[in-house]
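# Survey of secondary and tertiary structure
The primary structure of each chain is shown beneath.
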Amino acid sequence: MSGERVANPVTHLPGEQSALWARLTGGLSGRAVEGLFLLVVLIGFIASPKFLTTFNLDSLLHQAAILGVLAVGQYVVVVAGGFDLSVGAVVALTGMVTARTAGEIGLLSVPLAMVVGGVMGLLSGLAVTIGRIPPFVATLAVLGIARGLAFTVGNQGIVITEPAILDVNDAALGPIPAVALVWIVVAGLVYAFLHLTRSGTYVFAIGGNADSARLAGVPVARVKVGVYVLSGCLAGLAGTLFAARSGSGSPGIANGWELDSIAAVVIGGVSFFGGSGRLPRAMLGVLIYLMLTNIMNLVNVDAYVQNVLKGALILAAVTVPLLIRRRRPAVRSSL
Amino acid sequence: MTVSNDIGAADQQVAAEKPRTARGLPGGTMLWVLLVLVVLSALLTQGVFIRPSNLTTVLFQSSVIGVLAIAQAFAVIGRGLDLSVGATAIFAAMVVGGASSTADSFLPHLPLPVAVLAGLLLGLVIGLVNGTVAGRTRVPPFIITLSTYLMIVGVTFLATGASPVNSPHPVIREFGEARIWLVPAPVLLWLACIAAGYLLLRKTKYGAMLYAVGGNETTARLSGIRVSRVKLLSYVAAGVFAAVAGMLFLVRTGTVLPSDGSSFMLDSIAAVAVGGVSLAGGHGRIRDVVLGVLILAVVDNLMNLTGVSQYLQTAVQGAVVLIAVGVNLRLSHNGNE
Amino acid sequence: MDDDVLVRMAGITKSYPGVAALRGVDFTVRAGEVHCLVGENGAGKSTLMRILTGAEQPDEGTVAVAGHVASQLRPAEAHRLGVSAIYQETDLVPELTVVQNMFLGHEPRTRFGTLDRAAMRREAQRVLGELNVSLPVDAKVSELTAANAQLVQIAKALTRETRVLIMDEPGAVLSDHELKTLFEIVADLRRRGLGIVYISHRLEELLRIGDRVTVMRDGRWVSTKDVSGTSVPEIIQAMVGRELTDQYHKSPVARDEVVLSVRGLSVRDHFHDVSFDLRRGEILGLAGLVGAGRSTLLSCLFGMIRAQSGTVTLDGKPLRPRSPVDAIERGIGLVPEDRRGTGLVLSGSVADNLALPSLDRLSRGVLLRPKMLRELARTSVAELRVKTPSAAQPTRFLSGGNQQKVVLGKWLARGVSVLLLDEPTAGVDVGAKAEIYALINKLAADGISIVMASSDLPEVLGMSDRVLVMSEGRITAELSAAEATQEAIMSYAVPASAAIAS
């Protein structure tokens, strides 16, 4: 959890490792996510003839786009050493905002939703930095605030009739749904940000060793607030996309989506402690997570069994890398 | 990491951080916050708040979270976290309610005492699972208990056929309505749990070890403490208390739906945090946990009595948590940073 | 004359509540010099340097860097004026690459506002080249050795306009060969006109690399001399201000009975084929440079690390602890080097910490016995003379010396027959040191056998019945009290190759 120093002072570093083992595990854990992805596709292909149909894949892509946008935000926050539990509630809130305002301002309700999400993110970010509240509690509290506000906007669903919004869900570029393109563009922009700008490097630095970053002059607080704002904005965007898909805004939806986004990101190989993790893999994690759910649905696995399996998967996704890492030979201490 | 000047300087800084004696208010800051809130509520509701009937209701309704927060505290003090307490509670509630039910149910029929035992056993087993993984691997407790939470929810639905418990054993209903000297029986059960929690944490060697493990796991290990065992026990305690909370829920409401208790997870953590128990472990008294529960309950009740929209209440609760935790942190930081 | 003065600190005074850390200290650094700064722990060296880097502000006095005078210097300003510092706890981010770390906080940007990665790599390679270091710039810092990581820190300082480089115990994590490389780099930097402040406890290092040496003691300036005009004994005298030999009061009490017997013990990558005997009531000094394997040896005996080969016998029975629990049950205790990190539960009280290894014994079944706990705390605090307002005081508020007493105290309360000490008086003030020495002597007299790993040579000489010297993972010498001298120990501690080379 954020707020602690990641225990890896450079004075305790891996010494020489057996070269073969290092290459093997490095290569394996490096490709584990991709391998898992292919495995799941294979399972889907074997398990059900409906898996690889256009209809199914299209539906999958629509879902993935929404969770994917959410997961991009979660990814950035986790890499910076925290996590954002409020995103589900923000999705509900911004969905309501979109539904309420779509009639009057059409597509402008999208940026409005993102602003609302950003404000929620700002609240989280300030709580974590200035308030020094642990991310868990801080984003939990914001979850409550956002959920409460969602119900205040309207305690029942609001139907969307504005075609501009509804079209967002239906539009497509050839076989690719527009929402998927939105996802790709968002992921691409964030990727570029992380790798091409100073602040992007700072995100990794803060997650890796916040004290070092501070000493080097990195504006830690500002960057931290920034990642939460980003997460909130993207949750807002996801909220709009979902509202477009379901044709209405509803205050009670997206319960637990924050856990889904964390699960997806973790399955995608992002270290829960922060400082490392590649965005493309995190996005694969989203697909893996949703494909598994999809396959289980197609095979008529009971919804509750699905829960059990999901839980087991998340646990495995985190435990296995840790077990592999432990097998490496003893670190060479400085003493 | 050898002799470093930083130690010398840190040495001086440490020596310099003499705590101001009698730092903090007697009984803890949160006690005074609670008192202020009580007075405020009494004023804002023109005395309705402090009517015995209202106070009893407040206590009655916070008894479930009260016990859940104690469960959570066991995990948090050891520098862990238990996201599965809510799910455990509901699972136990459904099992106890369903198995002892007078009506036909999905579960095999059991006499009430056996059903209760089964419920407690359930909490124990879940705690064993959480605790074993937490004690023997480096998987973050957040992930462990998140996974078990999902699994328990799934199993709950499967084991009970997703049907609600709605004809519980008559004794359960009676217990829920019983009063001893005007105090509702569920509240007394909560008190018993508080006493048990206090005893376990303060009077047993495992409690002392838990504080050490939460405060500095490496030191604890180097002092001969069996860290995995202590962690295991803490999660077992959390599981058992969670099961008790579930049974309290059953007693209080008389019916249980598998989808109940969705807010339990977060409420238990909020209560612990608001009470001032550090999520970093090593600190925290039962008193703090109880205060956290009461503060949130009073705020809730106040909003109800003043007619605040139910939905806005959730938002206000969130804000309260932010403020309370922020204030607590400021105060403790002023003492030692 | 004044032209080449890069840093002039004058009249620096700094107090923390209750403790005067610095009193009217003057300190200058010239361009092209290596100015060594020495003093006991608590002498004020770190505080002085933190004021120079702007991390702290003095109560009185001024700091002038390159002619610019400031009385309230802040880190950003200090950076701009060219002050950089390298500490032991590295301030690198492990998951970032060498290049990223070197430019962290001041990355060059292109016209479009993005990172100018090409320029960064070029510059990184240039700086490393000038230091005569070849490192893959795209390697993650977590994959480097400690020595190379330190070089990256130096390179990082050089990516900025650095005029003054503060190095705090840089040699601590280096093998002797790596130390040579470091000295070459320092010499090179000196040639380039940088001013270098070199803080170290290893006085021999300072004489090799330094131009001037300043000694501080108890927050005051004591002396500044040219290195060529002084000697190690003179420096020590200035640091301590008194004859060293008095403070140990050692009298040999060791008996002949062998308590612990180690044969051929090896832990891969750390130490190899270590054999020695420990007698009852003996204090066995374990000397050596950092990296020799001493701490790992103690950790192995305590059950924290598994040995690959060798045997250990305790009281005639084999000792193969799989965890500290086993070692403690056999009567072994460990006082680790990092007392705040691994010796104490800082959030816990004095009483809590003292009772920690004894909790099983202090309970009846599962329930604690409060009276016994209170009694234990009371006696320990009294016997060890721990300065604390009460036994309920959280240990984080105690001074280093008193904290160390608590760590020792917990083993005494438990009752041990073998005590492993790792740097027992590191960061402890002089008064407490004397008390700890007295305590250790008393323990030996009571029949407890002690292995004491220490980098403090006078301490090793003053306290030990015998001295084992370790170098690069092997025992290179076993010296009796009579044979042991600083020169003898040092000659065995230094890696053979370096000894020949110098």
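Computed from a prediction, not measured in an experiment: that's the story for all the values here.

Thresholds applied
Residues numbered from 1 in each chain as written. Chains lettered and ligands numbered in written order. Predicted model: local features only at pLDDT ≥ 70, side-chain atom pairs only at ≥ 80, totals over all residues. Helix = DSSP H or I, 4+ residues; strand = E, 2+ residues; numbered from the N terminus. Buried ≥ 20, exposed ≤ 12 C-beta atoms within 10 Å, placed from the backbone. Contact = placed C-beta atoms within 7 Å. Axes fitted to C-alpha atoms, helices over the stretch in contact; angles between N-to-C directions. Parallel < 35°, antiparallel > 145°, perpendicular 65-115°, else oblique. Left-handed = near helix turned anticlockwise from the far one by under 90°. Nonpolar A, V, L, I, M, F, W, Y, C, P; charged D, E, K, R; others polar. Pairing = 2+ DSSP bridges. Expected span 1.5 Å × (residues − 1). Core = buried A, V, L, I, M, F, W, Y, C linked by C-beta atoms within 7 Å. pLDDT = per-residue confidence, 0-100.

### So, the overall build of chain A
Each helix and strand counted, chain A has 12 helices and four strands in total. A burial count over chain A gives 54% of its 335 residues as buried. When contacts within chain A are restricted to residue pairs at least 6 apart in sequence, those whose partners lie at least 24 apart make up 80%.

### Points about the packing of helix H4 (residues 85-99) of chain B against helix H11 (residues 227-253) of chain B
Residue and element names in this part refer to chain B. Running from amino to carboxyl end, H4 crosses H11 at an angle of 55 degrees, the nearest separation of the two axes being 7 Å. Taken as axis vectors, H4 and H11 run oblique relative to one another. The chirality of how H4 crosses H11 is right-handed. Every residue of H11 that contacts H4 at Val 85, Thr 88, Ala 89, Ile 90, Phe 91, Ala 92, Ala 93, Val 96 and Gly 97 is listed here: Ala 238, Gly 239, Ala 242, Ala 243, Ala 245, Gly 246, Met 247, Phe 249 and Leu 250. Of the residues assigned to the contact of H4 with H11, the class counts are 14 nonpolar, four polar and no charged.

### Regarding the sheet that holds strand E6 (residues 83-86) of chain C
Residue and element names in this part refer to chain C. With mixed pairing, the six strands of this open sheet are ordered in space as E6-E7-E8-E3-E9-E10. Lying at the two open borders of the sheet, with one neighbouring strand each, are E6 and strand E10 (220-226). In this sheet, adjacent strand axes meet at a mean angle of 20 degrees when their direction is disregarded.

### Considering the environment of C:Leu182
If you trace the backbone, C:Leu182 turns up in helix H6 (residues 176-191). Setting aside anything within four residues of it in sequence, one finds C:Leu182 in contact with C:Pro170, C:Gly171 and C:Leu174.

### Some points on the packing of H4(B) against helix H5 (residues 112-136) of chain B
Residues and elements named next belong to chain B. It is at 8 Å that the axes of H4 and H5 come closest, and there the two elements cross at 155 degrees. Between H4 and H5, the angle falls in the class roughly antiparallel. The handedness of the crossing between H4 and H5 is right-handed. Facing Thr 88, Phe 91, Ala 92, Val 95, Val 96 and Ala 99 of H4, the residues of H5 in contact are Ala 115, Val 116, Ala 118, Gly 119, Leu 122, Gly 123 and Ile 126. Here the contact of H4 with H5 is built from residues that sort into 10 nonpolar, three polar and no charged.

### Here's the deal with H4(B)
Each turn of an α-helix holds 3.6 residues, which means side chains three or four residues apart point in the same direction. Taking 1.5 Å as the rise per residue, H4(B) with 15 residues should run 21 Å; its terminal C-alpha atoms sit 21 Å apart, in good agreement. The element H4(B) is extensively covered by neighbouring structure, given that 15 of its 15 residues are classed as buried.

### Some thoughts on the environment of A:Val227
All names here are of chain A. By the element assignment, Val 227 lies in helix H9 (residues 220-246). When the 29 C-beta atoms within 10 Å are taken as the criterion, Val 227 is described as buried. Each C-alpha atom, one on Val 227 and one on Gly 95, is 21 Å from the other, the two residues being 132 residues apart in sequence. The contacts of Val 227, once residues within four sequence positions are left out, are Val 76, Val 77, Ala 80 and Val 203.

### What about the pairing of strand E4 (residues 60-65) of chain C?
All names here are of chain C. Sheet topology places strand E1 (residues 5-16) next to E4; five bridges connect them, and they run antiparallel. Within the sheet, the bridge partner assigned to Met 9 lies in E4 and is Val 63. By the bridge criterion, three bridges tie E4 to strand E5 (residues 68-70) in an arrangement that is antiparallel. Looking at the pairing, Val 63 lines up with Ala 70 of E5. Here E4 folds back onto E5, and the loop between the two strands holds two residues, one of which, Ala 66, carries a positive phi near 50 degrees.

### Overview of the environment of A:Met96
All names here are of chain A. Mapped onto the fold, Met 96 is located in helix H3 (residues 87-105). When the C-alpha atoms of Met 96 and Ser 271 are compared, they prove to be 33 Å apart, with 175 residues separating the residues in sequence. Ignoring sequence-local partners within four residues, the contact set of Met 96 consists of Ala 150, Val 153, Gly 154, Ile 158, Gly 249 and Pro 251.

### Section: the sheet that holds strand E15 (residues 317-318) of chain C
Think of a sheet as strands paired side by side through backbone hydrogen bonds, with each pair either parallel or antiparallel. Here we have four strands laid out as an open sheet, ordered E12-E11-E14-E15 (chain C), and antiparallel in their pairing. Bordering the open sheet on either side are strand E12 (271-279) and E15 of chain C, each of which pairs with just one other strand.

### A look at H11(B)
All names here are of chain B. With 27 residues, H11 extends 39 Å from end C-alpha to end C-alpha; this agrees with the ideal 39 Å at 1.5 Å per step. Counting buried positions along H11 gives 24 out of 27 residues, so the element sits mostly inside the fold. Backbone geometry just after H11 places Gly 254 at a positive phi near 80 degrees.

### Observations regarding the nonpolar core
Residue and element names in this part refer to chain B. Counting 381 residues, the largest nonpolar core has Phe 241 and Ile 295 as the members making the most contacts within it. Tallying contributions element by element places H11 first for this core, with 19 residues. Leave out the neighbours within four places in its chain, and Ile 295 touches Met 30, Val 33, Leu 34, Leu 37, Val 274 and Ala 324.

### Some words on the confidence of the model for chain A
Residues and elements named next belong to chain A. Mean pLDDT over chain A stands at 83; residues scoring 70 or higher make up 87%. The low-confidence segment residues 1-18, where pLDDT is below 50, has 51 contacts with residues more than four positions distant or belonging to other chains. Note on residues 328-335: pLDDT under 50 across the span, and 27 contacts to partners over four residues away in sequence or across chains.

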